[in-house]
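# Structural characterization, general
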Amino acid sequence: MAVSTPRILDGRKLAATVLDECRAAADRLAQQGLVPGLAVVLVGDDPPSQVYVASKVRTCGELGFRSQKIVLPASTSQRELIGVVDRLNADPAVHGILVQSPLPVAIDAGEVVRAIDPRKDVDGFHPENVAKLALEDPSGFVPCTPAGCMRMIAAAGVVTAGAEVVVIGRSRIVGKPMALLLMARGVDATVTVAHSRSRDLAAVCRRADILIAATGRPGMVRADWVKPGAVAIDVGITRVADATKPSGYRLCGDVAYDEVAPLCSAITPVPGGVGPMTIAMLMANTLEAARRLSGKHP
Ligand code: GUN
């Protein structure tokens, strides 16, 4: 049953607005002699990670931030990687540190995250920042993708108070922090976190006024998973082979867009939805880290 033409939530446009705010704030900080600095560490040669890291570094340049890209071979040991993190922790020109996931299997990602100074943890993955999110303590950092989703939901004027929200996926990067943000005081959603082992996942999802898909399985959310009039936020961004594209692949969301969109009141596209918002929120976090570390508040 088609509801009406869905509203397409344009992540590129909203990200541009957030980045404009960051640029203006960075200009004011520069007048006080402070240039926000982000260090991005890439271990190995995962092709999507290379694209994401390049995009983060490019965006820093566009905002007048300093950036450092540190590329290490896949053979890097945990001790060597933590040594790099220690050096960045001690560098006063670096306000934000991001170690790109996924890391090679021989490295314990949790140990690496714990080595990052929580005040420079612009990913919001350090246990201290995870705890602050759970405690609704605003002095922490919120992970960028869930923060971007929240910003999109707010900008679309979607009412969260009392709404049934289903988050599909329980990752530490998206699903878990997303659930915490949605159940926070002032947001006041009724949150269900579903995952691949949930019983009758389709029926659980059909309860949702707002459905957030973060499974990494392209096209998993089908039309019969969606309540007519729901808002769909698609966090998936998987490369699927496509010989008609010059790159040899296309980016696919977790939502089967063509059949789901006509049912929705609003939906995020892939690409051009949540993806650009992730980078925008990373820049906002880096700016905030620079302010906090320097004590300067433009
Ligand atoms: N890999 C995919 N998303 C992310 C992210 O938000 N942060 C980091 N560090 N790695 C990622």
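Here the structure is shown first, and the text comes after it.
Note that the structure is predicted; figures quoted are calculated from it, not measured. All residue numbers here refer to positions counted from 1 along the written sequence of the relevant chain. With the structure being a predicted model, the display of local features is reserved for residues of pLDDT at least 70 and the display and counting of side-chain atom pairs for 80 or more, all residues being used for whole-chain, interface and lining totals. Derived side-chain values reflect all non-hydrogen atoms in the structure, with water molecules and hydrogen atoms excluded from consideration.

## With respect to the overall build of the protein chain
How we decide: Only DSSP runs of H or I reaching four residues or more are called helices, and only runs of E reaching two or more are called strands; each is numbered from the N terminus. All radius of gyration figures rest on C-alpha atoms, and the globule criterion is 2.2 Å times the number of residues raised to 0.38. The buried label goes to any residue with under 20% of its type's maximum accessible area, the exposed label to any with over 50%, and the partly exposed label to all in between, with areas taken from a 1.4 Å probe on protein chains only. Two residues form a contact once any of their heavy atoms are found within 4.5 Å. Each accessible area value is a Shrake-Rupley result obtained with a 1.4 Å probe; residue values ignore everything except the protein chains displayed when judging cover. Think of it this way: Lys and Arg go in the positive column, Asp and Glu in the negative one, and His and the chain ends go nowhere. Here the site of a charge means atom NZ of a Lys, CZ of an Arg, CG of an Asp or CD of a Glu.
When you go through the protein chain residue by residue, the secondary structure sums to ten helices and eleven strands. What you see for the protein chain is a C-alpha radius of gyration of 19 Å, in line with the 19 Å of a compact globule of 298 residues. Among the 298 residues that make up the protein chain, the fraction classed as buried is 50%. Partitioning the contacts of the protein chain with sequence separation of at least 6, the portion at a separation of at least 24 is 71%. Carbon and sulfur atoms provide 54% of the accessible area of the protein chain, an area that totals close to 13,600 Å². Side-chain charges in the protein chain split into 33 positive and 29 negative, and the spacing between the mean points of these groups amounts to 0 Å.

## Notes on the sheet that holds strand β6 (residues 190-194)
The test is simple: Think of it this way: DSSP has to see at least two bridges between two strands before they count as a pair.
With parallel pairing, six strands are arranged side by side in an open sheet as β1-β11-β8-β7-β5-β6. Since the sheet does not close on itself, it has two edges, and those belong to β1 (7-8) and β6, each with one partner. Note that strand β8 (residues 231-234) and strand β11 (residues 266-267) share two bridges and pair parallel. Across the sheet, residue A232 finds its bridge partner in β11, namely I267.

## Section: the state of the cysteines
Convention followed: Two cysteine sulfurs form a disulfide in these notes if their separation is within 2.5 Å.
This structure, assessed with the given rule, holds zero disulfides. Not part of a disulfide, C22 finds its nearest cysteine sulfur in C60, a span of 10 Å. Owing to a relative accessible area of 3%, C22 belongs among the buried residues under this scheme. No disulfide involves C144; its sulfur sits 11 Å from the nearest other cysteine sulfur, which is in C22.

## Comments concerning the site of the ligand
Worth spelling out the cut-off: It suffices for a single heavy atom of a residue to lie within 4 Å of a molecule or strand for the residue to be listed as near it. We define a polar contact as two N or O atoms separated by no more than 3.5 Å, with the added condition that, inside protein, one atom must be a possible hydrogen donor and the other a possible acceptor, whereas residues neighbouring each other in sequence contribute only through side-chain atom pairs. Gly counts as polar in this scheme, as do all residues outside two lists: the nonpolar Ala, Val, Leu, Ile, Met, Phe, Trp, Tyr, Cys and Pro, and the charged Asp, Glu, Lys and Arg.
Taken together, the neighbourhood of the ligand is formed by L98, V99, Q100, S101, D123 and F125. Contact between the ligand and S101: a nitrogen atom at 2.9 Å from a main-chain N or O atom of the residue. A distance of 2.6 Å separates a nitrogen atom of the ligand from a polar atom in the side chain of D123. In the complex, the protein chains occlude 83% of the 280 Å² of accessible area that the ligand would expose alone. Residue classes in the shell around the ligand are distributed as three nonpolar, two polar and one charged.

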